[in-house]
Amino acid sequence: MPQPERKRIIDLIRREVVPAIGCTEPIAVALCVARAAETLGCRPEKITARLSANILKNAMGVGIPGTGMIGLPIAIALGALVGRSDYQLEVLKDLTPEAVEEGRRYIDQKRISISLKEHIAEKLYIEIEVEAGGHTATAVIAGGHTSFIYIARDGEALLDKRAGASSAAGAADDDPELTLRRVWDFAMTAPLDELRFILETRRLNKAAAEQSFKGEYGHCVGRTMCGMQERKLMGDHVYAHILAYTSAACDARMGGAMIPVMSNSGSGNQGIAATLPVVVFAEENGATEEQTIRALTLSHLTVIYIKQSLGRLSALCGCVVAATGSSCGIVYLMGGGYDEAAAAVKNMVATLTGMLCDGAKPSCAMKLMSGVSTAVLSAMMAMEHRCVTAVEGIVEEDVDKCIRNLTRIGRDGMNETDRLVLDIMTHKS
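Rules used throughout
Residues numbered from 1 in each chain as written. Predicted model: local features only at pLDDT ≥ 70, side-chain atom pairs only at ≥ 80, totals over all residues. Heavy atoms only, no water. Core = buried A, V, L, I, M, F, W, Y, C linked by side-chain atoms within 4.5 Å. Buried < 20%, exposed > 50% of the residue type's maximum accessible area, 1.4 Å probe, protein only. Axes fitted to C-alpha atoms, helices over the stretch in contact; angles between N-to-C directions. Helix = DSSP H or I, 4+ residues; strand = E, 2+ residues; numbered from the N terminus. Parallel < 35°, antiparallel > 145°, perpendicular 65-115°, else oblique. Left-handed = near helix turned anticlockwise from the far one by under 90°. Contact = heavy atoms within 4.5 Å. Nonpolar A, V, L, I, M, F, W, Y, C, P; charged D, E, K, R; others polar. 1 Å grid on protein atoms, 1.4 Å probe; cavity = no way out; pocket = protein on both sides within 12 Å on 5 of 7 lines; lining within 4 Å. Points joined across faces, edges and corners; volume = space filled by probe spheres on them. Pairing = 2+ DSSP bridges. pLDDT = per-residue confidence, 0-100.

(A) Representation of the nonpolar core in the model. Ile 13, Phe 186 and Leu 301 are the most contacted members of the largest nonpolar core, which totals 94 residues. Counting 46 residues, the second largest nonpolar core, distinct from the first, contains Ile 76, Ala 77, Phe 148 and Leu 313.

(B) Fine view of the packing of helix α12 (residues 268-284) against helix α14 (residues 318-333). The interhelical angle for the contact between α12 and α14, taken along N-to-C directions, is 25 degrees, at an axis separation of 8 Å. Relative to α14, the element α12 lies roughly parallel. Crossing handedness for the pair α12 and α14: right-handed. Each of Gln 270, Ala 273, Ala 274, Pro 277, Val 278, Phe 281 and Ala 282 in α12 lies in contact with α14, whose residues at this interface are Gly 318, Ala 322, Ala 323, Ser 326, Gly 329, Ile 330 and Leu 333. Along the lines of polarity and charge, the residues of the contact of α12 with α14 split into 10 nonpolar, 4 polar and no charged.

(C) Spatial organisation of the layout of surface pockets. In this structure, the second largest pocket encloses a volume near 390 Å³. Along its surface, the second largest pocket is lined by 16 residues, and Ala 53, Asn 54, Ile 120, Lys 123 and Arg 419 are the ones closest to its centre. Of all the secondary-structure elements, those providing two or more residues to the lining of the second largest pocket are α3 (53-59) and α18 (415-426). With 4 residues, the single largest contributor to the lining of the second largest pocket is α18. Looking at the lining of the second largest pocket, its residues break down into 5 nonpolar, 4 polar and 7 charged.

(D) The arrangement of the sheet that holds strand β2 (residues 46-51) in detail. In spatial order, the strands read β5-β2-β6-β7-β8-β9; together these 6 strands make up an open sheet with mixed pairing. At either end of the open sheet lies a strand with only one pairing partner, and these are β5 (112-116) and β9 (156-160). Shown here is a sheet whose adjacent strand axes are inclined to one another by a mean of 10 degrees, direction ignored. Two strands pair when backbone bridges link them, and β2 and strand β6 (residues 125-132) are joined in this way by 6 bridges, in the antiparallel orientation. Looking at β6, one finds that Ile 47 is bridged to Val 130.

(E) View of empty space enclosed by the protein. Counting across every chain of the model gives 3 cavities of 30 Å³ or more. Taken as a whole, the largest cavity holds about 330 Å³ of empty space. What lines the largest cavity is a set of 29 residues, among which Asn 58, Ser 267, Gln 270, Gly 318 and Cys 357 lie closest to the centre. Those elements giving two or more residues to the lining of the largest cavity turn out to be α2 (24-40), α3, α11 (238-254), α12, α14 and α16 (364-383). With 3 residues, α16 is the largest single contributor of residues to the lining of the largest cavity. Here the residues of the lining of the largest cavity are counted per class, giving 10 nonpolar, 12 polar and 7 charged.

(F) Inspection of the confidence of the model for the chain at higher detail. Here the chain averages 93 in pLDDT, while 97% of its residues score no lower than 70. Here residues 166-170 scores under 50 on pLDDT; set against residues more than four positions off or in separate chains, the count is 14 contacts.

Written out as structure tokens, the structure is:
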């Protein structure tokens, strides 16, 4: 592959695989609040948030890092009080206990208004308006968790990209065009020194899992997997360790731990599921550093490729996509080639398509565990040359068409499911 094309793909990975603290949707809202407050130039007296349905869904039930609280109001308050927009998805990393208490008071003073932004096609949309001293400022994020498309002070636009804002799909116009074959070839042939940065995903996400084992986060799915009774049932081997590490990192993230993870395509859970199954399998099977780097690159780039047509947010659970990436990485570590990786993707599409997203929350750890367990099974079947055939369901002979079928269902076919899920979530007694 020519060096300019390699550089474009590496730049894409570096843009999509980034550190994040906390669930990305409320953190993105806090980021937008921070930018609006900075534009205003003083502490807001009132904050109005207008959000797309998918942002609301993914921010309602998740812990906000370092606060012991759940949901959008505290994220919004802290974005105004201590958020720094130049920190991007680590916008709240300067958080202190004093700031949390101040945030509680800010909420009690009824300074925050949150509503659904009606009649927008974009599934990732955050509009924040702040007011103080007779002045206003507005900031809008759309298409990507850190993609500002509009900033204004007192009605005067300082940034306006609304006409060119991205559609529901995740690929930008200048992104390299990917296929699974191109993803595989890049991961297998790119010079190792150009890919070594991907090892940071191993360091961050493994550390998150190991810290989670020591604490009480979410439903403690990962730690439960390490109990004596569970070891008797599940065994003490690489498969059980993959499930434990992946779910433990998700426990910490969804439980509001102040622990950074490496995200993928705007999702920490996707980053976790694309990383830890590959890392655990590599370490416990004596993989070389080169094999680990290439497996992680393959996994993460596969996720980015699928998300290009699925979009940042959808009714389809992101663990389906992320686990598909890790299944390809495990196939490579098992000694498989491109054909086996394609078979693993088809097996994943045949199994997990339709797993719905009902918001970010602690129980996401259980969904990730389901996804990565299927990833291991799909890889094992592929290595035995067992693959779901083109006469079955939505699977086609061409693996890229298979992926398009998956993303069409998640992006277009499940829209009514998305609306119904949000209706159920917002009308629970």
